[in-house]
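Residues per chain are reported as follows:
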Amino acid sequence: TKVRYSLLPMKTHPLLACLVLSVASLAGASENTLRVAVVQSVNDVALEANRAKMVRFIREAGEAGCHLAVFNENGLLENTEASVRKFPAKAEIDRAIEAIRAQTRSSRVAVIFGTAYVNADGDPVRNRAYVFGPDGRLIQAYWKNVEVPRPFDINGVRCAVTICSDRGYLEHSDLACVTHGAQVIIDISGGHGGDDGRPNLRWIRYQPWAARNGAYVIVSNPVHDEKDFMGNSPYGGGSAVVRPDGSLQASRSYEKEVMNVADLDLAAATRSGAERR
């Protein structure tokens, strides 16, 4: 699988690439920047396939000097009819989550991802978001459409996360406990059919979020090969980093198994709109 990065040319000599990534890993970004990796992938039905892919991307994000890696709503396990028919035991999911935590700690990269999950075997399947710090500490886990997410810090930077349809918290109410103090707002989504704004409006909700709040917005969406309910194929995708002025800093359309690396200039995330309201 070809994995493309935004910081290095595709034809960079391997020895030079290793040197650049090693220096980045040692130095990191400056204290007023946050280096993020936004992964856009195709979710497999199999838990272990997704786990292995996430572990690899986290390792590569660490090698690129990133502070944070962001995956989509179903990065570890999908909440779909096919997945639920073959839904693994809770203990298997927990072991996969622990493997991700271990790689997070090993690579010193904070990680945000979503997964289908259950309180106990046989319970209804719901989606859950996880935030691990670079030391492997669980910062937050919240249930989609059940709990309200809380702001949290990554490398001293206040962030907020929302899962797909929970973005209504932002769109309709600017809920203070989600946005208060957040310079980086992150949406881990599932790539809804008919919701990617064809042909050129994929980021129509995210750009206003950024400009309205004066904050960076990050979105990670998977790519789907099947047809959506409007007959589009592929669909989903549209992962991006949006600057606080609403412009796109990094984006993907329907590319598969790619990772955008971007340095967020936190001085630009003034939160002026949020503070004004």
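Let me sum up the structure you'll find in this document.

1. Considering empty space enclosed by the protein
Phase 1 of the analysis: A full pass over the atoms with the stated rule returns one cavity of 30 Å³ or more.
Phase 2 of the analysis: Roughly 30 Å³ of volume is contained in the largest cavity.
Phase 3 of the analysis: Lining the largest cavity we find Ser41, Asn43, Asn50, Lys53, Met54, Phe71 and Gly75.

2. So, unusual backbone geometry
Peptide bonds are trans in most cases, and residues, glycine excluded, mostly fall at negative phi.
Phase 1 of the analysis: Residue Pro234 is bonded to the preceding Ser233 through a cis peptide linkage, with omega at -5°.
Phase 2 of the analysis: With a phi angle near 60°, Asn145 is a residue other than glycine that sits in the positive phi range.
Phase 3 of the analysis: Summarising the element assignment, Asn145 is placed in the loop between strand E5 (138–143) and strand E6 (152–154).
Phase 4 of the analysis: On the basis of relative accessible area, Asn145 is assigned to the exposed category, the value being 54%.
Phase 5 of the analysis: Even without being glycine, Cys164 reaches a positive phi, approximately 45°.
Phase 6 of the analysis: The residue Cys164 is located in the loop between strand E7 (157–163) and helix H5 (168–173) in this model.

The rules we used
- Residues numbered from 1 in each chain as written.
- Predicted model: local features only at pLDDT ≥ 70, side-chain atom pairs only at ≥ 80, totals over all residues.
- Heavy atoms only, no water.
- 1 Å grid on protein atoms, 1.4 Å probe; cavity = no way out; pocket = protein on both sides within 12 Å on 5 of 7 lines; lining within 4 Å.
- Points joined across faces, edges and corners; volume = space filled by probe spheres on them.
- Helix = DSSP H or I, 4+ residues; strand = E, 2+ residues; numbered from the N terminus.
- Buried < 20%, exposed > 50% of the residue type's maximum accessible area, 1.4 Å probe, protein only.

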